[in-house]
Amino acid sequence: MMAGVDTLGHWQTHLHPLFDRLRDAATPRAAMDAIGQATLDIVGPGLLTINAWHARTGEIERLWSSDPAAYPVGGKKRKGDTVWTRQLLVRGEVFVGEGDDALAAVFDDIATIRALRLNGVVNVPLCHGGKVIGTFNYLADIDAWTAHEITALRMLGQFAVGAVRDELQDQSQG
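To start, this report covers the structure provided alongside it. Quick caveat: nothing in here was measured; it's all calculated off a predicted structure.

**Considerations on the nonpolar core**
No. 1: Of all hydrophobic cores here, the largest spans 33 residues; its most connected members are Ile-50, Leu-126, Phe-136, Trp-145 and Leu-153.
No. 2: Where this core is concerned, the elements lending two or more residues are helix 1 (8-24), helix 2 (28-43), strand 1 (47-54), strand 2 (59-65), strand 5 (120-128), strand 6 (131-140) and helix 6 (147-173).
No. 3: A per-element tally of this core places helix 6 first, with eight residues.
No. 4: Ignoring sequence-local partners within four residues, the contact set of Leu-153 consists of Thr-39, Val-43, Val-122, Val-124, Phe-136, Tyr-138 and Trp-145.

**Considerations on the sheet that holds strand 1**
Strands in a sheet are paired, the pairing made by backbone hydrogen bonds, and the direction either parallel or antiparallel.
No. 1: In spatial order, the strands read 3-2-1-6-5-4; together these six strands make up an open sheet with antiparallel pairing. Two strands close off the open sheet at either side, each with one partner strand: strand 3 (76-78) and strand 4 (95-98). When the angles between neighbouring strand axes are averaged without regard to direction, this sheet yields 25 degrees.
No. 2: Bridge count for strand 5 against strand 6 is nine bridges, and the pairing is antiparallel. The residue bridging His-128 from the neighbouring strand is Lys-131, located in strand 6.
No. 3: Across the sheet, helix 6 lies against strand 1, strand 2, strand 4, strand 5 and strand 6, angled at about 50 degrees from strand 5, the strand it touches most.

**A word on the pairing of strand 2**
No. 1: Of all seven residues making up strand 2, seven are buried, and the element is well covered by its neighbours.
No. 2: Two elements, strand 1 and strand 2, share six bridges in a ladder whose sense is antiparallel. Paired with Ile-50 across the strands is Trp-64, a residue of strand 2.
No. 3: Looking at chain direction, strand 2 and strand 3 are connected through three bridges and run antiparallel. Bridging across to strand 3, Ile-60 finds its partner in Lys-77.

**As for unusual backbone geometry**
No. 1: Look at Arg-117: it is not a glycine, yet its phi comes out positive at around 60 degrees.
No. 2: With respect to the helices and strands, the residue Arg-117 is situated in the loop between helix 5 (110-115) and strand 5.

**Describing the pairing of strand 5**
Put simply, side chains in a regular strand alternate between the two faces of the sheet.
No. 1: Extensive coverage of strand 5 is indicated by the burial of seven of its nine residues.
No. 2: With four bridges connecting them, strand 4 and strand 5 associate as antiparallel partners. From the neighbouring strand, Gly-97 faces strand 5, where its bridge partner is Val-121.
No. 3: Hairpin geometry of strand 5 and strand 6 is characterised by an intervening segment of two residues between the two adjacent antiparallel strands and by a positive phi of about 60 degrees at Gly-129.

The rules behind each value
- Every chain's residues receive numbers from 1 upward, in the order its sequence appears when written.
- Totals for whole chains, interfaces and linings use all residues, but because this is a predicted model, local features are given only for residues with pLDDT of at least 70 and pairs of side-chain atoms are given and counted only at 80 or more.
- Derived side-chain values reflect all non-hydrogen atoms in the structure, with water molecules and hydrogen atoms excluded from consideration.
- To form a nonpolar core, buried Ala, Val, Leu, Ile, Met, Phe, Trp, Tyr and Cys residues must be joined to one another through side-chain atoms within 4.5 Å.
- Each residue is placed in one exposure class: buried if its accessible area under a 1.4 Å probe, protein chains only, is under 20% of its type's maximum, exposed if it is over 50%, and partly exposed if it falls in between.
- Under the DSSP-based scheme used, a helix requires at least four consecutive residues in state H or I and a strand at least two consecutive residues in state E, with every element numbered from the N terminus.
- By the convention used here, residues are in contact when the closest approach between their heavy atoms is within 4.5 Å.
- In this scheme, strands are said to pair when DSSP sees at least two bridges between them.
- Axes, fitted as lines to C-alpha atoms, cover a helix only where it is in contact. Angles between the N-to-C directions of the axes lie from 0 to 180 degrees.

Right, dumping it as structure tokens:
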């Protein structure tokens with residue numbers, strides 16, 4: 001288990017500053033910066049990406065990354081019809097992957113993931129208006145996710161829904 005995720009005091013230490021930063025966030029990027037920092041503080045070291053889902057084109061677009069060298073903002077991936085796609089992007093259900101084999105089965109960028117020494121993922125669908133509009137993806141060097149970690153990631157992902165929605169609206173108007 002990652003340090004402190006299961007203690008309410010640990011969460012509160014980082015949630016109150018997050019609430020203040022979200023209140024003051026003037027742009028979707030500022031909100032994602034706040035959410036990203038809080039996620040790393042609460043859950044621990046790892047790779048976080050926040051993405052928009054363009055269902056019409058079948059593309060995931062990276063809006064925010066905790067490691068822009070390996071996963072730059074603006075990167076896009078086309079997602080075909082797979083079990084992972086139907087679970088996360090169609091039905092809006094969380095995907096939890098543990099171990100190299102589980103990640104290799106669903107990610108075409110497994111070489112990059114391995115190079116970063118990451119072997120576990122939690123993909124949280126970001127939903128608005130009954131549809132998936134994005135994903136909140138957290139990878140870490142972890143053998144097994146705890147219920148506390150998955151809950152923390154699902155909760156933190158929900159804070160990103162408004163920022164992703166606003167970014168998509170900005171894109172459609174620009």
